[in-house]
Structures are given as C-alpha cells and as structure tokens.
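# Structural overview for review
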Amino acid sequence: DCIGLDIAEGMLRYSREHFADNALYANNRRVQWLCADAEHLPLADSSIDVATSNFALQWCGNLGRAFVEIHRVLAAQGRFLVTLPADDTLWELKESWRAADPAHSHVNQFADESLVRQAARRAGFKIKRAAILSRCVFYPDVAGLTDELKTLGAHNATLGRSKTLTPKGVYRRMLASYETRRTSQGKLPATWRLLMLDMEKPHD
C-alpha cells in the first residue's frame, strides 16, 4: 500500500484525478490520500518502509523538523529519497530582481547543500548517496518562467520580501536586466540546481 501526502488539498485532488496514469495504479496497489503537514506527520512511529519527496520539502518552514518527522515514521533500515532545489537555483532571476530592487527579495532562497546534509544527519539519517544536478531550462520570456513557477506551487516566502505590490517601474527594470541574458537563439535561461539524497534510517 502507498500513502500520498500533501498539505494542499488541491494538490491531493489533482493527484487523485491523475493517478490512473501511474504505474502503482496499474499494479492494483491501494493509495491512501492524506492532507497533512510534513513537519507534523499523523503517522505512527516506524510505520513505513520507504519515503520519497520530490520538489516539496523546500516549502517547509523548518526543513530539519520535517527530516526528524520522516525519520520517526520510517522503520529501521527504511529509505528516504528526496530531491530539493539547492542554493543558486534561478540565479539569473534573482540577480535581475536584485538589479531592479536591491532592497527587497523577490525570489525564494533555497537551502545551502551543506545545511541540508547537516539537517539530515542531525535527524538521524545515514546518507548513502548524494548528487547535485545542474540543469538550464530556456524560456521565450520571463512570463513563461514565472507561469511555470506558479504551476510548481512556488511563492515568495523570504523574509526580505516586499509587503506591497511591486511597482511597474521596478518590474520593467527587472525585465530589462533579464533581457541582457537572452541567448543567441533568442531564449532566456533559468538554471536549476537539484540536490538529490538517498538516505537510510540505521538500526541504531
């Protein structure tokens, strides 16, 4: 059996509606859909064998707490596979906003790789494998990038963000700055740095 968990009811609804295309469905495995917070899992200690998370835990207010909770619910020798955006992700967008509005943060600051590893080890995990993958994606314009970020559920949760609407002049300056990065093929680049960890809960 499998548990599909998310804090957003809309994401769970989307998953249920599209689950028929998933290989687990084809194998007739049952899925329990659970709306819950990764930092406060409503699951018993040592109750699951494998946990996976792909582009989700970066939105946790306390990543270390989420790691502790996942470690708690895993059985001994249980595996946890996670993918997170690492620092320097979307650096082109960050620098363009910084040039336009240096007083405020407009893009999420993702965790440093070393801090993520430290949080995992403090939670009790043994890191079996780790890798960083850098991938550059190209867009016709900035709107194409921001629309995709909205689809991913990204929102600006940084402490230095502006509490008011961004003035049109600031936004235009950001666009002008990003335009200087347009490639000879006419595309705007956006770099993603992905941190992938394969971890185990040891017996001890």
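I will try to describe carefully the structure that is included in this document. Remember, predicted model here, so these are calculated numbers, not experimental data.

Calculation notes
- Residues numbered from 1 in each chain as written.
- Predicted model: local features only at pLDDT ≥ 70, side-chain atom pairs only at ≥ 80, totals over all residues.
- Heavy atoms only, no water.
- Helix = DSSP H or I, 4+ residues; strand = E, 2+ residues; numbered from the N terminus.
- Polar contact = N/O pair within 3.5 Å; in protein donor to acceptor, adjacent residues only side chain to side chain.
- Buried < 20%, exposed > 50% of the residue type's maximum accessible area, 1.4 Å probe, protein only.
- Contact = heavy atoms within 4.5 Å.
- Axes fitted to C-alpha atoms, helices over the stretch in contact; angles between N-to-C directions.
- Left-handed = near helix turned anticlockwise from the far one by under 90°.
- Phe/Tyr/Trp six-rings, centres within 6.5 Å; stacked < 30°, edge-to-face > 60°.
- Pairing = 2+ DSSP bridges.

## Let's talk about the side chain of Ser105
Along the polypeptide, Ser105 turns up in the loop between helix H4 (91-100) and helix H5 (113-123). Of the polar contacts made by the side chain of Ser105, one reaches the backbone oxygen of Val107; its length is 3.3 Å.

## Things to note about the environment of Arg79
Along the chain, the position of Arg79 falls in strand E4 (residues 74-85). Residue classification places Arg79 among the partly exposed residues on the basis of a relative accessible area of 27%. The spacing of Arg79 and Phe125 is 46 residues in sequence and 9.2 Å in space, taken between C-alpha atoms. Those residues in contact with Arg79, other than ones at most four positions away along the chain, are Asp49, Val50, Ala51, Leu74, Lys128, Arg129, Asp198, Met199 and Glu200.

## A few points about the packing of helix H3 (residues 63-73) against H5
Contact geometry for H3 and H5: axes closest at 8 Å, N-to-C directions at 35 degrees. For the pair H3 and H5, the sense of crossing is right-handed. Where H3 approaches H5, its residues Leu63, Gly64, Phe67, Val68 and His71 are matched on the opposing element by Val116, Ala119, Ala120 and Ala123.

## Focus: the packing of aromatic side chains
A ring pair, where both rings are aromatic, is described by two values, the distance of the centres and the angle of the planes. Inspection of the entire model under this criterion finds five aromatic pairs. Centroid distance Phe67 to Phe80: 5.9 Å. Interplanar angle 75 degrees. Geometry classified as edge-to-face. Placement of Phe67 in helix H3 and of Phe80 in strand E4 is noted, with a sequence separation of 13 residues between them. Taking relative accessible area as the criterion, Phe80 reaches 1% and is therefore assigned buried. One aromatic cluster is present, formed by Phe67, Phe80 and Phe125 through successive ring pairs.

## Concerning the sheet that holds strand E6 (residues 188-200)
Strands sit in the order E3-E4-E6-E5 across an open sheet of four strands; the sheet is mixed. Looking at strand neighbours, the two that pair on one side only are strand E3 (48-54) and strand E5 (126-139), the edges of this open sheet. Strand-to-strand twist in this sheet, taken as the mean axis angle between neighbours without regard to direction, amounts to 10 degrees.

## Quick notes on the pairing of E6
For E6, a buried count of twelve out of 13 residues is recorded, marking the element as mostly surrounded by other parts of the structure. Judged from the seven bridges that link them, E4 and E6 form a sheet pairing that is antiparallel. Bridging from a neighbouring strand, Leu81 pairs with Asp198 of E6. Of the strand pairs in this sheet, E5 and E6 are connected by 13 bridges, and their pairing is antiparallel. If you follow Ile132 over to E6, its bridge partner there is Leu195.

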